[in-house]
Amino acid sequence: MLTLDDFDFDLPGELIAQHPTAERTASRLLQLADGMLADHCFGELPQLLQPGDLLVFNDTRVIRARLFGHKESGGRIEVLIERIVDPQHAVAQLRASKSPQPGSRILLEDSIELVVRGRSGEQDEFFALELVGEGDLWSLIELHGRLPLPPYIQHAASAADEARYQTVFARCPGAVAAPTAGLHFDAALLARLAECGIEVAWLTLHVGAGTFQPVRVHRLSEHRMHAERFEIPPATVAAIARTRVRGGKVIAVGTTSLRALEAAAQGGELRSGAAETDIFITPGYDFRVVDRLITNFHLPKSTLLMLVSAFAGLETVRGAYDHAIRQRYRFFSYGDAMLLTRH
């Protein structure tokens, strides 16, 4: 009977990375394998993998999903887009002194007028919004919105963040948070991996704003995940099959890639195509696809820490986090990374 307390730990605030390293590959990498810990630089990743292994990346692109404005009453409002449903409709988190009522209008960035249609989400945590007049939300948000840095980063998004809070391979817009394990890769590292005989494949999972929402129940069995959209191309399914035949390892780059792959294999066989997933992975989960995982260090009591603990073992991850804190690793989106082997 797992509870939130099983995934709590004390993290010194100064270890929460506020800015990325000067070079993407200069971050640190903590390897966990066979119960052993080893400290590396992320640029050493090619030496830690084997020819014939497969890296699976999430190619989602972060949209400019944070907007500010005011309600009809004049009160200030902050909007964080959760999902653009179609060119005229979106689902979002709203922050205001008083929640707007259905039918009321809001004006964002002096340019985007929206009408509130009601609440949305499993627990009514989001608002359904509709664009007033012509235009489309994709282009308007890209033109007037702001990059949505995570809440634990304490500065407004700068020009440097515009570049570094995207992966170098981001190409499918739709996420409101970056798949942060991919932030450590640059073009030179991808080229070295290819030279070492390590194959790559792609999928898309659009990370939602719900990823930062806290778990509000004590017993994990009572928690319900927010749903996220993903798509796995047939070429990726084929690449995974080839990897299995040659005896290589399937390595998910990030928890988002892992969630998409495992969700697509819930029927027993990995299938290509587009779908939504609210899969909640906790210790005891039977992994079907992924052999190794590259991931950043996660928040206490977070669903991502639960997923990582399911993958590598709860006690193993606890020990790794204790080691990372003692060795002053940098945590969260702009922080360092881990290379985990399924236990």
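Computed from a predicted model, the values in this text were never measured in an experiment.

Q: Tell me about the packing of aromatic side chains, and name the residues and values.
A: Pairs of aromatic rings are described using the distance from one ring centre to the other and the angle between the two planes. Taken as a whole and assessed by the stated rule, the structure comprises 16 aromatic pairs. For the pair Phe9 and Tyr321, a centre-to-centre distance of 5.2 Å together with 75° between the ring planes defines the contact as edge-to-face. Remark: Tyr321 occurs in helix 8 (residues 314-326) and Phe9 occurs in the segment before strand 1 (28-33); sequence separation between them is 312 residues. For the pair formed by Phe9 and Tyr321, the shared burial category is buried. Each ring, one from Phe57 and one from Phe185, has its centre 4.9 Å from the other, and the planes form 85°; the classification is edge-to-face. With Phe57 in strand 3 (residues 54-58) and Phe185 in the loop between strand 11 (172-175) and helix 4 (187-195), this residue pair connects regions lying 128 residues apart in the sequence. Grouping aromatic residues by their ring pairs yields a cluster made of Phe9, Tyr152, Phe297, Tyr321, Tyr329, Phe331 and Phe332. The ring of Trp202 carries the charged tip of Arg171 above its face, separated from the ring centre by 4.6 Å.

Q: How would you sum up helix 2 (residues 137-144)? Please name residues and give values.
A: Note: α-helices contain 3.6 residues per turn, so residues at a spacing of three or four share the same orientation. Within the span of helix 2, buried status applies to Leu137, Leu140 and Ile141. Mapping the buried residues of helix 2 onto a view down its axis gives an arc of 95°, with all of them on the same face. Its side-chain oxygen 3.1 Å from the backbone nitrogen of Trp138, Asp136 forms the N-cap of helix 2.

Q: Can you explain the pairing of strand 17 (residues 337-341)? Please cite residues and give values.
A: Counting buried residues in strand 17 gives 4 out of 5 residues, a clear majority hidden from the surface. Pairing analysis gives 4 bridges linking strand 1 to strand 17, with the strands arranged parallel. For Gln31, the partnering residue across the bridge sits in strand 17 and is Leu339. Judged from the 5 bridges that link them, strand 16 (residues 292-296) and strand 17 form a sheet pairing that is antiparallel. Bridged to Leu293 within strand 17 is Leu340.

Q: Outline the side chain of Thr295, supporting the account with residue identities and numerical values.
A: For Thr295, the location among the structural elements is in strand 16. The class for Thr295 is buried, based on a relative accessible area of 1%. Within the structure, the side chain of Thr295 is placed 2.6 Å from the side chain of His298, a separation counted as a polar contact.

Q: Let's hear about the nonpolar core: which residues, and what values?
A: One finds Tyr165, Leu258, Leu261 and Phe331 to be the most contacted residues of the largest nonpolar core, which totals 65 residues. No other element matches helix 7 (residues 303-312), which puts 7 residues into this core. Ile77, Val79, Leu94 and Ile106 belong to the second largest nonpolar core, which has 24 residues in total.

Q: Mind laying out the sheet that holds strand 1, listing which residues take part and the relevant values?
A: Spatially, the 9 strands line up as an open sheet ordered 2-1-17-16-14-3-12-13-15, and their pairing is mixed. Of all strands in the sheet, those with a lone pairing partner are strand 2 (36-41) and strand 15 (273-277), marking the two edges. Direction aside, the axes of adjacent strands within the sheet are offset by 25° on average. Summarising the sheet, strand 12 (residues 199-205) and strand 13 (residues 228-232) pair through 2 bridges and their orientation is antiparallel. Pairing of Leu205 across the sheet is with Phe230, part of strand 13.

So, how was this worked out
Residues numbered from 1 in each chain as written. Predicted model: local features only at pLDDT ≥ 70, side-chain atom pairs only at ≥ 80, totals over all residues. Heavy atoms only, no water. Phe/Tyr/Trp six-rings, centres within 6.5 Å; stacked < 30°, edge-to-face > 60°. Helix = DSSP H or I, 4+ residues; strand = E, 2+ residues; numbered from the N terminus. Buried < 20%, exposed > 50% of the residue type's maximum accessible area, 1.4 Å probe, protein only. Lys NZ or Arg CZ within 6 Å of the ring centre and 35° of its normal. Arc of directions from axis to C-beta. Polar contact = N/O pair within 3.5 Å; in protein donor to acceptor, adjacent residues only side chain to side chain. Pairing = 2+ DSSP bridges. Core = buried A, V, L, I, M, F, W, Y, C linked by side-chain atoms within 4.5 Å. Axes fitted to C-alpha atoms, helices over the stretch in contact; angles between N-to-C directions.

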